[in-house]
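In case you want the letters, here they are:
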Amino acid sequence: MLAGLGLLAAPGVQAQVVPGHLELHWGDPVPQSAQAPRFKASLALDNGARLALDPAQARRGAGDLYTLSGRRVAVQFVPDKSTGGRRIEAIVAADDPDTGRPHGLTGDRGLAKATLGSTRWITLACRFKDIAEEQESIDFFRELYGDAPGQLGHYWREVSYNRINLAGSDAKGWYELPQPRSHYVPEDGSADLKQLFEDCTAAADAEVDFASVVGVNMMFNGDLDGYAWGGSQCAERDGAFRCLSSTWNPPWSFQNLAPLAHEMGHGYGLPHSDNSDGDTDTYDNPWDVMSDSWGNAVVHDDYGSLPKHVNILQRDRLGWVDPARKRTIQWGGAPVRVQLDYASLASASNAQMVLLETPPPPDPYRGTWYTVEARTRTGHYEANLAGTAVIIHALGGSYERDIAQSQDADWPAADRSCNEGSMFTVGEIWISPDGLYGVYVESATPTGFVVVVYSSPHATGGPGPRRLRR
(Lines give C-alpha, C1' and ligand atoms only; values in the text may rest on other atoms or scores of the structure.)
Protein backbone atom coordinates (compact mmCIF):
# COMPACT_ATOMS: atom_id res chain seq x y z
CA MET A 1 0.00 0.00 0.00
CA LEU A 2 2.80 2.41 0.85
CA ALA A 3 4.60 1.97 -2.45
CA GLY A 4 1.38 2.21 -4.44
CA LEU A 5 0.75 5.67 -3.04
CA GLY A 6 4.35 6.79 -3.34
CA LEU A 7 4.90 6.36 0.42
CA LEU A 8 7.98 4.49 1.58
CA ALA A 9 8.92 4.21 5.24
CA ALA A 10 12.55 4.11 6.31
CA PRO A 11 13.89 0.61 7.05
CA GLY A 12 12.88 -0.54 10.53
CA VAL A 13 10.25 2.21 10.95
CA GLN A 14 6.71 1.03 11.59
CA ALA A 15 4.50 3.33 9.56
CA GLN A 16 0.73 3.66 9.61
CA VAL A 17 -1.19 4.98 6.63
CA VAL A 18 -4.60 6.53 7.27
CA PRO A 19 -6.86 7.36 4.30
CA GLY A 20 -9.50 10.06 4.32
CA HIS A 21 -10.46 13.45 2.93
CA LEU A 22 -8.45 16.53 3.83
CA GLU A 23 -10.36 19.45 5.35
CA LEU A 24 -8.56 22.80 5.63
CA HIS A 25 -10.13 25.74 7.47
CA TRP A 26 -8.81 29.31 7.55
CA GLY A 27 -10.19 31.67 10.21
CA ASP A 28 -10.02 35.42 9.53
CA PRO A 29 -10.73 37.80 12.44
CA VAL A 30 -13.02 40.79 12.42
CA PRO A 31 -11.07 43.71 10.91
CA GLN A 32 -8.92 45.89 13.17
CA SER A 33 -9.00 43.32 15.95
CA ALA A 34 -5.92 42.08 17.78
CA GLN A 35 -6.76 38.45 17.04
CA ALA A 36 -4.39 36.32 15.00
CA PRO A 37 -5.52 34.27 12.00
CA ARG A 38 -6.36 30.64 12.60
CA PHE A 39 -5.64 27.59 10.51
CA LYS A 40 -6.91 24.07 11.08
CA ALA A 41 -6.26 20.84 9.23
CA SER A 42 -8.18 17.64 9.79
CA LEU A 43 -8.76 14.30 8.13
CA ALA A 44 -12.38 13.27 7.53
CA LEU A 45 -12.24 9.53 8.11
CA ASP A 46 -14.40 7.06 6.25
CA ASN A 47 -16.44 6.36 9.41
CA GLY A 48 -17.43 10.04 9.70
CA ALA A 49 -15.01 10.89 12.53
CA ARG A 50 -12.42 13.67 12.31
CA LEU A 51 -8.72 13.32 13.00
CA ALA A 52 -7.06 16.64 13.84
CA LEU A 53 -3.72 17.11 12.09
CA ASP A 54 -0.84 19.22 13.37
CA PRO A 55 -0.68 22.09 10.83
CA ALA A 56 3.12 22.39 10.87
CA GLN A 57 3.59 18.64 10.41
CA ALA A 58 0.92 18.58 7.70
CA ARG A 59 2.63 21.38 5.75
CA ARG A 60 5.98 19.62 5.94
CA GLY A 61 4.53 16.23 5.04
CA ALA A 62 2.57 17.47 2.01
CA GLY A 63 5.08 19.86 0.47
CA ASP A 64 2.18 21.98 -0.81
CA LEU A 65 -0.70 21.20 1.53
CA TYR A 66 -3.13 23.62 -0.09
CA THR A 67 -3.32 21.74 -3.39
CA LEU A 68 -4.88 18.84 -1.45
CA SER A 69 -7.73 20.74 0.20
CA GLY A 70 -10.99 18.79 -0.05
CA ARG A 71 -9.34 15.82 -1.75
CA ARG A 72 -8.92 12.15 -0.97
CA VAL A 73 -5.47 11.72 0.61
CA ALA A 74 -3.34 9.21 2.48
CA VAL A 75 -1.53 10.38 5.61
CA GLN A 76 1.52 8.42 6.70
CA PHE A 77 2.35 8.49 10.41
CA VAL A 78 5.59 7.27 11.94
CA PRO A 79 6.64 6.97 15.60
CA ASP A 80 8.01 10.14 17.18
CA LYS A 81 10.65 9.16 19.74
CA SER A 82 10.84 12.67 21.17
CA THR A 83 7.19 12.65 22.27
CA GLY A 84 6.40 8.96 22.49
CA GLY A 85 3.54 9.52 20.08
CA ARG A 86 3.47 9.74 16.33
CA ARG A 87 4.08 12.42 13.72
CA ILE A 88 3.12 13.00 10.12
CA GLU A 89 5.76 11.80 7.69
CA ALA A 90 3.92 12.40 4.43
CA ILE A 91 0.57 13.36 2.91
CA VAL A 92 -0.13 12.42 -0.70
CA ALA A 93 -3.11 12.56 -3.03
CA ALA A 94 -5.05 9.29 -3.18
CA ASP A 95 -7.52 10.37 -5.86
CA ASP A 96 -7.16 10.75 -9.59
CA PRO A 97 -8.30 14.28 -10.42
CA ASP A 98 -9.42 14.49 -14.02
CA THR A 99 -8.46 18.16 -14.00
CA GLY A 100 -5.09 17.55 -12.38
CA ARG A 101 -1.97 19.25 -13.66
CA PRO A 102 1.62 19.17 -12.43
CA HIS A 103 2.12 21.97 -9.93
CA GLY A 104 4.73 24.39 -11.18
CA LEU A 105 6.39 25.21 -7.88
CA THR A 106 6.63 22.31 -5.48
CA GLY A 107 7.64 19.28 -7.45
CA ASP A 108 5.63 16.21 -8.36
CA ARG A 109 4.54 14.80 -5.01
CA GLY A 110 0.93 15.45 -6.01
CA LEU A 111 -1.19 17.09 -8.64
CA ALA A 112 -2.73 20.50 -8.20
CA LYS A 113 -6.35 20.51 -9.19
CA ALA A 114 -7.13 23.24 -11.66
CA THR A 115 -10.34 25.16 -10.99
CA LEU A 116 -11.99 25.76 -14.34
CA GLY A 117 -15.40 26.20 -15.92
CA SER A 118 -18.67 26.44 -14.03
CA THR A 119 -18.27 26.69 -10.25
CA ARG A 120 -21.83 26.84 -8.96
CA TRP A 121 -22.29 28.03 -5.39
CA ILE A 122 -25.33 28.02 -3.15
CA THR A 123 -25.82 30.59 -0.40
CA LEU A 124 -27.66 29.31 2.67
CA ALA A 125 -28.91 31.94 5.11
CA CYS A 126 -29.27 30.32 8.53
CA ARG A 127 -30.43 32.02 11.70
CA PHE A 128 -29.68 30.88 15.22
CA LYS A 129 -32.69 29.64 17.16
CA ASP A 130 -32.37 32.49 19.69
CA ILE A 131 -31.67 35.35 17.22
CA ALA A 132 -34.52 36.63 15.04
CA GLU A 133 -32.82 39.38 13.01
CA GLU A 134 -32.28 38.77 9.28
CA GLN A 135 -29.74 41.37 8.19
CA GLU A 136 -30.17 40.92 4.42
CA SER A 137 -32.84 39.51 2.14
CA ILE A 138 -32.46 36.35 0.08
CA ASP A 139 -32.79 38.53 -3.02
CA PHE A 140 -29.70 40.45 -1.85
CA PHE A 141 -27.69 37.25 -1.48
CA ARG A 142 -28.90 35.99 -4.87
CA GLU A 143 -27.96 39.29 -6.50
CA LEU A 144 -24.38 38.97 -5.22
CA TYR A 145 -23.79 36.19 -7.77
CA GLY A 146 -24.64 38.45 -10.72
CA ASP A 147 -22.36 39.33 -13.61
CA ALA A 148 -22.59 43.10 -13.25
CA PRO A 149 -19.47 44.99 -12.12
CA GLY A 150 -19.14 44.74 -8.35
CA GLN A 151 -20.89 41.36 -8.14
CA LEU A 152 -19.21 38.04 -7.44
CA GLY A 153 -19.97 36.53 -10.83
CA HIS A 154 -18.27 39.45 -12.56
CA TYR A 155 -15.35 39.49 -10.11
CA TRP A 156 -14.42 35.82 -10.39
CA ARG A 157 -14.73 35.88 -14.18
CA GLU A 158 -12.37 38.85 -14.31
CA VAL A 159 -9.80 37.61 -11.82
CA SER A 160 -9.66 34.14 -13.47
CA TYR A 161 -9.30 35.51 -17.02
CA ASN A 162 -12.77 34.07 -17.69
CA ARG A 163 -11.56 30.58 -16.71
CA ILE A 164 -14.38 30.17 -14.16
CA ASN A 165 -17.94 31.44 -13.77
CA LEU A 166 -20.67 31.28 -11.12
CA ALA A 167 -23.51 30.51 -13.55
CA GLY A 168 -26.46 28.90 -11.82
CA SER A 169 -25.45 30.03 -8.33
CA ASP A 170 -28.41 30.75 -6.08
CA ALA A 171 -29.46 31.64 -2.53
CA LYS A 172 -31.97 30.01 -0.17
CA GLY A 173 -33.24 30.71 3.34
CA TRP A 174 -33.63 32.02 5.88
CA TYR A 175 -33.59 28.69 7.74
CA GLU A 176 -33.85 28.37 11.50
CA LEU A 177 -31.11 26.28 13.10
CA PRO A 178 -32.20 23.72 15.69
CA GLN A 179 -30.00 25.19 18.43
CA PRO A 180 -29.19 28.62 19.90
CA ARG A 181 -25.93 30.35 19.08
CA SER A 182 -24.27 29.20 22.32
CA HIS A 183 -24.59 25.58 21.20
CA TYR A 184 -22.41 26.23 18.16
CA VAL A 185 -20.11 28.88 19.62
CA PRO A 186 -19.04 28.02 23.19
CA GLU A 187 -18.03 30.98 25.33
CA ASP A 188 -14.36 31.81 24.71
CA GLY A 189 -14.21 28.90 22.29
CA SER A 190 -13.97 28.24 18.58
CA ALA A 191 -17.09 27.85 16.45
CA ASP A 192 -18.10 24.26 15.74
CA LEU A 193 -17.78 24.50 11.96
CA LYS A 194 -18.76 20.88 11.36
CA GLN A 195 -22.00 21.19 13.31
CA LEU A 196 -22.85 24.53 11.74
CA PHE A 197 -22.35 23.00 8.30
CA GLU A 198 -24.38 19.90 9.09
CA ASP A 199 -27.33 21.76 10.61
CA CYS A 200 -27.40 24.57 8.06
CA THR A 201 -27.22 22.23 5.05
CA ALA A 202 -29.70 19.81 6.63
CA ALA A 203 -32.20 22.64 7.03
CA ALA A 204 -31.88 23.40 3.31
CA ASP A 205 -31.69 19.81 2.06
CA ALA A 206 -35.28 19.64 0.82
CA GLU A 207 -34.71 22.67 -1.45
CA VAL A 208 -31.10 22.24 -2.55
CA ASP A 209 -29.45 19.64 -4.76
CA PHE A 210 -25.99 19.57 -3.21
CA ALA A 211 -24.74 17.26 -5.95
CA SER A 212 -25.03 20.18 -8.38
CA VAL A 213 -22.86 22.69 -6.51
CA VAL A 214 -19.15 23.00 -5.78
CA GLY A 215 -19.47 25.43 -2.88
CA VAL A 216 -21.68 26.55 -0.01
CA ASN A 217 -21.63 30.10 1.35
CA MET A 218 -23.28 29.99 4.77
CA MET A 219 -24.56 33.31 6.12
CA PHE A 220 -25.32 33.44 9.85
CA ASN A 221 -27.33 36.17 11.55
CA GLY A 222 -25.01 36.49 14.54
CA ASP A 223 -21.32 36.66 15.29
CA LEU A 224 -19.47 33.38 15.25
CA ASP A 225 -16.25 33.39 17.29
CA GLY A 226 -14.93 36.72 16.09
CA TYR A 227 -13.92 35.12 12.80
CA ALA A 228 -15.20 34.41 9.31
CA TRP A 229 -14.09 31.02 8.02
CA GLY A 230 -13.38 29.47 4.63
CA GLY A 231 -12.04 26.18 3.34
CA SER A 232 -13.38 22.70 2.58
CA GLN A 233 -16.02 20.65 4.39
CA CYS A 234 -16.86 17.03 3.72
CA ALA A 235 -20.21 15.36 4.37
CA GLU A 236 -22.77 13.00 2.90
CA ARG A 237 -25.50 14.92 1.14
CA ASP A 238 -28.02 13.74 -1.45
CA GLY A 239 -26.76 10.18 -1.27
CA ALA A 240 -23.09 10.89 -1.89
CA PHE A 241 -20.05 11.79 0.21
CA ARG A 242 -18.54 14.98 -1.16
CA CYS A 243 -16.14 17.70 -0.08
CA LEU A 244 -17.53 21.15 -0.82
CA SER A 245 -15.84 24.52 -0.90
CA SER A 246 -17.37 26.19 2.13
CA THR A 247 -17.53 29.52 3.93
CA TRP A 248 -18.96 30.48 7.31
CA ASN A 249 -19.85 34.19 7.37
CA PRO A 250 -21.05 36.48 10.19
CA PRO A 251 -22.85 39.70 9.16
CA TRP A 252 -19.70 41.82 8.90
CA SER A 253 -18.38 39.40 6.28
CA PHE A 254 -21.40 39.09 4.00
CA GLN A 255 -22.19 42.82 4.09
CA ASN A 256 -18.88 43.53 2.30
CA LEU A 257 -17.87 41.71 -0.85
CA ALA A 258 -14.13 41.79 -0.10
CA PRO A 259 -14.12 39.48 2.94
CA LEU A 260 -16.70 37.22 1.30
CA ALA A 261 -14.48 36.85 -1.78
CA HIS A 262 -11.53 36.21 0.56
CA GLU A 263 -13.38 33.30 2.20
CA MET A 264 -14.47 31.96 -1.20
CA GLY A 265 -10.80 32.05 -2.18
CA HIS A 266 -10.08 29.74 0.74
CA GLY A 267 -12.94 27.59 -0.52
CA TYR A 268 -11.12 27.30 -3.84
CA GLY A 269 -8.02 26.24 -1.89
CA LEU A 270 -6.11 29.52 -1.90
CA PRO A 271 -3.97 30.24 1.17
CA HIS A 272 -3.17 33.66 2.57
CA SER A 273 -0.36 35.76 1.20
CA ASP A 274 1.86 38.06 3.26
CA ASN A 275 4.57 40.69 3.01
CA SER A 276 8.22 40.45 4.01
CA ASP A 277 8.24 42.44 7.27
CA GLY A 278 8.71 39.27 9.33
CA ASP A 279 5.82 39.78 11.76
CA THR A 280 2.91 37.42 12.41
CA ASP A 281 0.34 39.62 10.67
CA THR A 282 -0.63 38.00 7.37
CA TYR A 283 -3.02 40.82 6.44
CA ASP A 284 -0.43 43.37 5.35
CA ASN A 285 -0.10 42.69 1.60
CA PRO A 286 -2.58 44.99 -0.21
CA TRP A 287 -1.76 43.45 -3.61
CA ASP A 288 -3.85 40.35 -2.91
CA VAL A 289 -7.40 39.95 -1.59
CA MET A 290 -6.11 36.80 0.14
CA SER A 291 -4.09 39.05 2.45
CA ASP A 292 -5.31 42.60 3.05
CA SER A 293 -8.92 42.45 1.86
CA TRP A 294 -9.84 45.89 3.16
CA GLY A 295 -6.91 48.17 2.38
CA ASN A 296 -6.84 50.08 -0.93
CA ALA A 297 -10.29 48.69 -1.71
CA VAL A 298 -12.88 50.32 -3.95
CA VAL A 299 -16.12 50.94 -2.04
CA HIS A 300 -19.45 50.12 -3.68
CA ASP A 301 -22.74 51.74 -2.63
CA ASP A 302 -24.52 48.38 -2.33
CA TYR A 303 -21.77 45.83 -1.69
CA GLY A 304 -19.34 47.71 0.55
CA SER A 305 -15.61 47.10 0.16
CA LEU A 306 -14.91 45.31 -3.11
CA PRO A 307 -12.18 42.68 -3.52
CA LYS A 308 -8.91 43.40 -5.28
CA HIS A 309 -7.46 40.76 -7.55
CA VAL A 310 -5.25 37.94 -6.25
CA ASN A 311 -1.52 37.91 -6.98
CA ILE A 312 -0.25 36.06 -10.03
CA LEU A 313 0.93 33.05 -8.03
CA GLN A 314 -2.58 32.53 -6.65
CA ARG A 315 -3.95 32.69 -10.19
CA ASP A 316 -1.42 30.10 -11.29
CA ARG A 317 -2.31 27.80 -8.39
CA LEU A 318 -5.80 27.42 -9.84
CA GLY A 319 -4.72 26.99 -13.44
CA TRP A 320 -5.76 30.43 -14.64
CA VAL A 321 -2.44 31.60 -16.14
CA ASP A 322 -2.15 30.51 -19.75
CA PRO A 323 1.20 28.75 -20.39
CA ALA A 324 1.90 31.28 -23.13
CA ARG A 325 1.62 34.09 -20.57
CA LYS A 326 4.08 32.47 -18.14
CA ARG A 327 7.88 32.77 -18.47
CA THR A 328 10.18 30.61 -16.34
CA ILE A 329 13.80 31.71 -15.92
CA GLN A 330 16.41 29.37 -14.52
CA TRP A 331 19.23 30.62 -12.36
CA GLY A 332 22.67 31.06 -13.85
CA GLY A 333 21.83 32.02 -17.40
CA ALA A 334 22.42 35.17 -19.41
CA PRO A 335 20.28 38.28 -18.80
CA VAL A 336 16.73 37.96 -20.14
CA ARG A 337 14.58 40.83 -21.37
CA VAL A 338 10.83 40.30 -20.87
CA GLN A 339 7.89 42.41 -21.96
CA LEU A 340 5.57 42.11 -18.97
CA ASP A 341 1.88 42.92 -19.41
CA TYR A 342 -0.36 44.00 -16.54
CA ALA A 343 -1.78 41.04 -14.64
CA SER A 344 -5.25 42.59 -14.90
CA LEU A 345 -5.39 42.29 -18.71
CA ALA A 346 -7.80 39.58 -19.81
CA SER A 347 -6.32 39.29 -23.31
CA ALA A 348 -2.63 39.99 -22.86
CA SER A 349 -0.19 39.50 -25.74
CA ASN A 350 2.94 39.10 -23.60
CA ALA A 351 4.03 37.41 -20.40
CA GLN A 352 2.04 38.21 -17.26
CA MET A 353 3.95 35.96 -14.87
CA VAL A 354 7.72 35.59 -14.63
CA LEU A 355 8.88 32.74 -12.40
CA LEU A 356 12.48 32.92 -11.16
CA GLU A 357 13.87 29.54 -10.14
CA THR A 358 16.78 29.29 -7.69
CA PRO A 359 19.29 26.44 -7.47
CA PRO A 360 17.56 23.36 -6.00
CA PRO A 361 18.41 22.72 -2.33
CA PRO A 362 19.00 19.21 -0.93
CA ASP A 363 15.39 19.21 0.29
CA PRO A 364 13.25 19.99 -2.79
CA TYR A 365 10.38 21.21 -0.63
CA ARG A 366 12.51 23.99 0.86
CA GLY A 367 13.39 25.70 -2.38
CA THR A 368 12.75 29.39 -3.04
CA TRP A 369 11.00 30.90 -6.04
CA TYR A 370 10.22 34.47 -7.01
CA THR A 371 7.34 35.70 -9.13
CA VAL A 372 7.32 38.98 -11.03
CA GLU A 373 4.11 40.68 -12.20
CA ALA A 374 2.92 44.14 -13.24
CA ARG A 375 -0.02 45.87 -11.54
CA THR A 376 -1.83 49.10 -12.31
CA ARG A 377 -4.68 51.21 -10.96
CA THR A 378 -7.59 50.29 -13.19
CA GLY A 379 -11.12 48.98 -13.44
CA HIS A 380 -13.80 48.17 -10.91
CA TYR A 381 -11.58 46.41 -8.36
CA GLU A 382 -8.01 47.72 -8.71
CA ALA A 383 -8.60 51.47 -9.07
CA ASN A 384 -7.35 52.19 -5.53
CA LEU A 385 -4.11 50.22 -5.65
CA ALA A 386 -1.09 51.99 -4.19
CA GLY A 387 0.37 52.60 -7.64
CA THR A 388 1.39 51.24 -11.03
CA ALA A 389 4.53 49.15 -10.67
CA VAL A 390 6.29 45.82 -10.91
CA ILE A 391 5.45 43.69 -7.86
CA ILE A 392 7.61 40.77 -6.74
CA HIS A 393 6.70 37.90 -4.42
CA ALA A 394 8.86 35.19 -2.85
CA LEU A 395 7.69 31.70 -1.97
CA GLY A 396 9.44 29.04 0.06
CA GLY A 397 12.77 28.75 1.80
CA SER A 398 11.22 26.87 4.72
CA TYR A 399 8.08 24.97 5.55
CA GLU A 400 6.85 27.97 7.52
CA ARG A 401 7.15 30.27 4.48
CA ASP A 402 4.73 28.36 2.26
CA ILE A 403 2.74 31.42 1.17
CA ALA A 404 3.69 34.21 -1.22
CA GLN A 405 5.40 37.20 0.42
CA SER A 406 5.56 40.53 -1.39
CA GLN A 407 9.11 41.84 -1.48
CA ASP A 408 10.08 45.16 0.09
CA ALA A 409 13.47 46.73 -0.64
CA ASP A 410 13.17 49.21 2.25
CA TRP A 411 14.92 48.34 5.51
CA PRO A 412 13.25 47.69 7.79
CA ALA A 413 10.38 46.51 5.65
CA ALA A 414 7.17 48.51 5.89
CA ASP A 415 4.31 47.16 7.97
CA ARG A 416 2.07 47.23 4.87
CA SER A 417 3.56 46.70 1.43
CA CYS A 418 1.97 49.71 -0.24
CA ASN A 419 5.20 51.71 0.20
CA GLU A 420 7.67 52.77 -2.48
CA GLY A 421 10.04 49.98 -1.47
CA SER A 422 7.46 47.39 -2.53
CA MET A 423 6.77 48.99 -5.93
CA PHE A 424 9.48 48.85 -8.59
CA THR A 425 9.25 51.40 -11.36
CA VAL A 426 11.27 52.48 -14.41
CA GLY A 427 14.98 52.84 -13.70
CA GLU A 428 14.94 50.73 -10.53
CA ILE A 429 16.56 47.38 -9.82
CA TRP A 430 15.40 44.84 -7.24
CA ILE A 431 18.09 42.56 -5.81
CA SER A 432 16.77 39.34 -4.29
CA PRO A 433 17.46 38.69 -0.57
CA ASP A 434 19.77 35.80 -1.49
CA GLY A 435 21.64 37.90 -4.09
CA LEU A 436 20.82 35.42 -6.85
CA TYR A 437 18.62 37.63 -8.99
CA GLY A 438 18.29 41.21 -10.11
CA VAL A 439 15.21 42.57 -11.85
CA TYR A 440 15.70 45.86 -13.70
CA VAL A 441 12.61 47.81 -14.80
CA GLU A 442 13.89 49.12 -18.11
CA SER A 443 10.87 50.95 -19.52
CA ALA A 444 7.12 51.36 -19.46
CA THR A 445 4.82 50.24 -22.28
CA PRO A 446 1.13 50.94 -22.94
CA THR A 447 0.31 47.53 -21.44
CA GLY A 448 2.93 47.17 -18.71
CA PHE A 449 6.72 47.23 -18.45
CA VAL A 450 9.88 45.84 -19.99
CA VAL A 451 12.06 44.16 -17.37
CA VAL A 452 15.53 42.67 -17.61
CA VAL A 453 16.27 39.70 -15.33
CA TYR A 454 19.86 39.11 -14.24
CA SER A 455 20.93 35.96 -12.41
CA SER A 456 24.25 35.17 -10.75
CA PRO A 457 26.95 35.66 -11.78
CA HIS A 458 25.17 38.40 -13.72
CA ALA A 459 23.04 39.74 -10.84
CA THR A 460 23.82 43.31 -9.84
CA GLY A 461 25.43 43.57 -6.41
CA GLY A 462 25.35 41.23 -3.43
CA PRO A 463 22.84 40.07 -0.84
CA GLY A 464 19.69 42.19 -0.53
CA PRO A 465 16.89 42.88 -0.72
CA ARG A 466 17.83 46.22 -2.24
CA ARG A 467 16.34 48.80 -4.54
CA LEU A 468 18.79 50.62 -6.77
CA ARG A 469 18.51 53.18 -9.53
CA ARG A 470 20.55 53.20 -12.73
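Note that this is a predicted model, so its numbers are computed, not measured.

With that settled, the discussion passes to the overall build of the protein. Secondary structure assignment for the protein yields eight helices and 27 strands. Across the protein, every contact between residues at least 6 apart in sequence was considered, and the portion connecting residues at least 24 apart equals 66%. Roughly 18300 Å² of accessible area belongs to the protein as shown, and the carbon and sulfur atoms make up 49% of that amount.

Taken as a class, soluble globular proteins show a tendency for nonpolar side chains to be buried jointly. Ranked by size, the top nonpolar core spans 37 residues in total, and within it Phe141, Leu144, Leu152, Tyr155, Trp156 and Leu166 carry the most contacts. Contributing elements (two or more residues each) for this core: strand 9 (121–127), helix 2 (138–143), helix 3 (152–159), strand 11 (170–176) and helix 7 (257–267). Not counting residues up to four positions away in its chain, the partners in contact with Tyr155 are Ala261, Val289, Pro307, Lys308, His309, Val310 and Tyr381. Among the nonpolar cores identified, the runner-up in size contains 26 residues, and Phe128, Phe197, Cys200 and Val213 belong to it.

A separate point is the confidence of the model for the protein. Residues with a pLDDT of 70 or more make up 88% of the protein, whose mean pLDDT is 89. The low-confidence segment residues 99–111, where pLDDT is below 50, has 38 contacts with residues more than four positions distant or belonging to other chains. Below pLDDT 50 for its whole length, residues 461–465 participates in 16 contacts with residues either more than four positions away or in separate chains.

The next point concerns the state of the cysteines. What the rule picks out here adds up to two disulfides. There is a disulfide in this structure between Cys126 and Cys200, and the S-S distance comes to 2.0 Å. The sign of the 85° torsion about the S-S bond sets the Cys126-Cys200 disulfide as right-handed. Taken together, the residues Cys126 in strand 9 and Cys200 in helix 5 (residues 193–204) connect sequence positions 74 residues apart. Look at Cys126 and you get buried, because its relative accessible area is 0%. Covalent S-S linkage joins Cys234 and Cys243, the inter-sulfur distance amounting to 2.0 Å. Residues Cys234 and Cys243 are joined by a disulfide whose S-S torsion is about 100°; by sign, that bridge is right-handed.

Before going further, it helps to examine the sheet that holds strand 21 (residues 368–375). Pairing in this open sheet of six strands is mixed, and the strands run 15-23-22-21-20-18 from one edge to the other. What marks the edges here is a single partner per strand, and that holds for strand 15 (274–275) and strand 18 (326–330). Two strands pair when backbone bridges link them, and strand 20 (residues 353–357) and strand 21 are joined in this way by four bridges, in the antiparallel orientation. Bridge assignment links Glu357 to a residue of strand 21, and that residue is Trp369.

It is worth spelling out the packing of helix 3 against helix 7 at this point. Between helix 3 and helix 7, whose axes approach to 12 Å, the crossing angle comes to 55°. Overall, the two elements helix 3 and helix 7 adopt an arrangement that is oblique. Judged by the twist between their axes, the crossing of helix 3 over helix 7 is right-handed. Side by side, helix 3 and helix 7 meet where Leu152, Tyr155 and Trp156 of the first sit next to Leu257, Leu260, Ala261, Met264 and Gly265 of the second. Residues belonging to the contact of helix 3 with helix 7 are distributed by class as follows: seven nonpolar, one polar and no charged.

Analysis parameters
- Residues numbered from 1 in each chain as written.
- Predicted model: local features only at pLDDT ≥ 70, side-chain atom pairs only at ≥ 80, totals over all residues.
- Heavy atoms only, no water.
- Helix = DSSP H or I, 4+ residues; strand = E, 2+ residues; numbered from the N terminus.
- Contact = heavy atoms within 4.5 Å.
- Areas by Shrake-Rupley, 256 points an atom, 1.4 Å probe, with all protein chains shown as cover.
- Core = buried A, V, L, I, M, F, W, Y, C linked by side-chain atoms within 4.5 Å.
- Buried < 20%, exposed > 50% of the residue type's maximum accessible area, 1.4 Å probe, protein only.
- pLDDT = per-residue confidence, 0-100.
- Disulfide = S-S within 2.5 Å.
- Pairing = 2+ DSSP bridges.
- Axes fitted to C-alpha atoms, helices over the stretch in contact; angles between N-to-C directions.
- Parallel < 35°, antiparallel > 145°, perpendicular 65-115°, else oblique.
- Left-handed = near helix turned anticlockwise from the far one by under 90°.
- Nonpolar A, V, L, I, M, F, W, Y, C, P; charged D, E, K, R; others polar.

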